[in-house]
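Here's the letter readout for the chains.
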Amino acid sequence: MNNLTVKKGANLTLEPGLVIKFASRHSRIFVNGGLALAGTAASKITLTHLSDDNAGASSTPTDNDTEGNGNATKPAAGDWGGLQFNATTNDAFSKIEYTDILYAGTSNNSSYYENDGAVLLYSAAPTFKNVNINQSGSFGFTFNNVSTPVLENVAIRNCTWDPFAISLFADPTLTNITLVQNGSNGIRIIDRTIGSNA
């Protein structure tokens with residue numbers, strides 16, 4: 001898959017056990033409406049890159065070889081973009097549960113960081129529960145503007161940069177967060193200018 005866009009006013013639910021593989025560093029899910037990833041403990045949803053042969057219905061990697069090239073290609077951090085929730089997101093509907101987000105977080109090589117991360121939020125407030133981000137090429141989560149998401153039982157592992165990049169105007173709720181072997185286990189502040197009345 002290249003890009004998936006949920007239009008403003010539309011709601012999309014992805015069912016348990018679904019595996020979606022993205023084709024390029026520019027591939028992303030853009031959410032302007034509502035997105036629910038309804039994974040379960042027994043049947044997670046996986047979002048990953050096309051070359052990830054470990055993701056699929058079979059326990060044998062060769063059976064999941066979507067590209068059909070054997071071991072010629074292997075996934076790497078930042079091989080696809082990730083999820084992007086925009087300001088028109090239906091926050092009440094948008095719940096990401098029991099989902100693995102692997103090899104996302106393409107870095108845009110910006111001198112600022114608001115456009116980098118496996119999960120980008122722009123004044124949005126979806127809920128993430130029992131989510132695993134692994135091998136992001138940049139940040140795990142980036143909360144821009146006045147984003148107010150809820151994260152519970154979220155693990156961020158092996159991110160190239162910090163697990164979180166957060167605007168000073170964002171107000172996330174973080175509960176039971178696991179951070180393992182990231183570029184740092186801190187939070188990067190991404191606002192460039194703060195007014196004198198801040």
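What counts and how
Chains are numbered independently. Their residues run from 1 in the order of the written sequence. Given that this is a predicted model, residues contribute local features only at a pLDDT of at least 70 and side-chain atom pairs are listed and counted only at 80 or more, while totals for whole chains, interfaces and linings are drawn from all residues. Side-chain measures here rest on the full set of heavy atoms in the structure, leaving out hydrogens and waters. The aromatic pairing rule takes the rings of Phe, Tyr and Trp, using the six-membered ring of Trp, and pairs them if the centres are within 6.5 Å, calling planes under 30 degrees apart stacked, those over 60 edge-to-face and the rest tilted. Segments assigned H or I by DSSP are reported as helices when at least four residues long, segments assigned E as strands when at least two residues long, and all are numbered from the N terminus. Residue burial is assigned from relative accessible area. The probe radius is 1.4 Å, only protein chains are included, and a residue is buried under 20% of its type maximum, exposed over 50%, and partly exposed in between. Side-chain atoms within 4.5 Å link the members of a nonpolar core, which is a set of buried Ala, Val, Leu, Ile, Met, Phe, Trp, Tyr and Cys residues. Contacts were defined at the residue level, with two residues in contact if any of their heavy atoms lie within 4.5 Å. Pairs of strands are assigned from DSSP output, requiring at least two bridges between the strands. Here an axis means a line fitted to C-alpha atoms, over the contact stretch when the element is a helix, while the angle between two N-to-C directions is reported on a 0 to 180 degree scale. Patches here are clusters of residues that have more than 30% relative accessible area and form no salt bridge, with a 9 Å joining cutoff for like charges and a 5 Å cutoff for nonpolar side chains (Val, Leu, Ile, Met, Phe, Trp, Tyr). A 1.4 Å probe and the Shrake-Rupley method give the accessible areas. Residues count as covered only by the protein chains that appear here. Any carboxyl oxygen of Asp or Glu that lies within 4 Å of a side-chain nitrogen of Lys or Arg is treated as forming a salt bridge with it.

Participant: Please clarify how the packing of aromatic side chains should be interpreted in this entry.
Facilitator: Here the distance between the centres and the angle between the planes together describe a pair of aromatic rings. Overall, the coordinates contain seven aromatic pairs when judged by the stated rule. Geometrically, the ring pair formed by Phe139 and Trp161 is edge-to-face, given 5.0 Å between the ring centres and 70 degrees between the ring planes. In this pair, Phe139 is assigned in the loop between strand 10 (127–134) and strand 11 (141–144) and Trp161 in the loop between strand 12 (150–157) and strand 13 (164–166), connecting sequence segments 22 residues apart. According to the relative accessible area criterion, Trp161 is partly exposed, its value standing at 23%. A centroid spacing of 6.1 Å and a plane angle of 40 degrees characterise the contact between Phe143 and Phe164, whose relative ring orientation is tilted. Separated by 21 residues along the polypeptide, Phe143 in strand 11 and Phe164 in strand 13 bring together distant segments of the chain.

Participant: In this structure, what is going on with the nonpolar core? I would like to understand it.
Facilitator: Proteins that are soluble and globular tend to have nonpolar side chains buried together. The biggest cluster of nonpolar side chains holds 35 residues, and the ones touching the most others in it are Leu35, Leu47, Leu83, Phe85, Ile101, Phe128 and Phe141. Excluding residues that lie within four positions of it along the chain, Phe141 makes contacts with Val119, Phe128, Ile133, Leu151, Val154, Ile156, Pro163, Phe164 and Ala165.

Participant: Explain the sheet that holds strand 13 to me, please; I cannot follow it from the model alone.
Facilitator: By definition, the strands of a sheet pair up through backbone hydrogen bonds, in either a parallel or an antiparallel sense. Pairing is parallel across the open sheet formed by seven strands, whose spatial order is 1-4-7-9-11-13-15. Of all strands in the sheet, those bounded by a partner on one side alone are strand 1 (4–6) and strand 15 (187–189). Direction aside, the axes of adjacent strands within the sheet are offset by 10 degrees on average. One ladder, built from three bridges, connects strand 13 with strand 15; its direction is parallel. When the bridges of strand 15 are listed, Phe164 appears paired with Ile187.

Participant: Mind showing me how you'd approach a nonpolar patch on the surface here?
Facilitator: On the surface, Val146, Leu168, Phe169, Ile187 and Ile189 cluster together into a nonpolar patch covering about 480 Å² of accessible area. Structurally, Ile187 can be placed in strand 15.

Participant: Help me understand the pattern of salt bridges in this model?
Facilitator: Oppositely charged side chains are able to pair whenever their charged atoms sit close together. One pass over the full model with this rule turns up three salt bridges. The residue Lys44 makes a salt bridge to Asp100 at a minimum N-O spacing of 3.7 Å. A residue pair is termed long-range when its members are at least 10 positions apart, and Lys44 in the loop between strand 5 (34–38) and strand 6 (45–49) and Asp100 in strand 8 (residues 95–102) qualify at 56 residues. Of the charged contacts, one joins Asp162 and Arg188 as a salt bridge, the two residues approaching to 2.8 Å between their closest N and O atoms. Of this pair, Asp162 sits in the loop between strand 12 and strand 13 while Arg188 is found in strand 15, placing the two residues 26 residues apart along the sequence. By relative accessible area, which is 9% here, Asp162 ends up buried.

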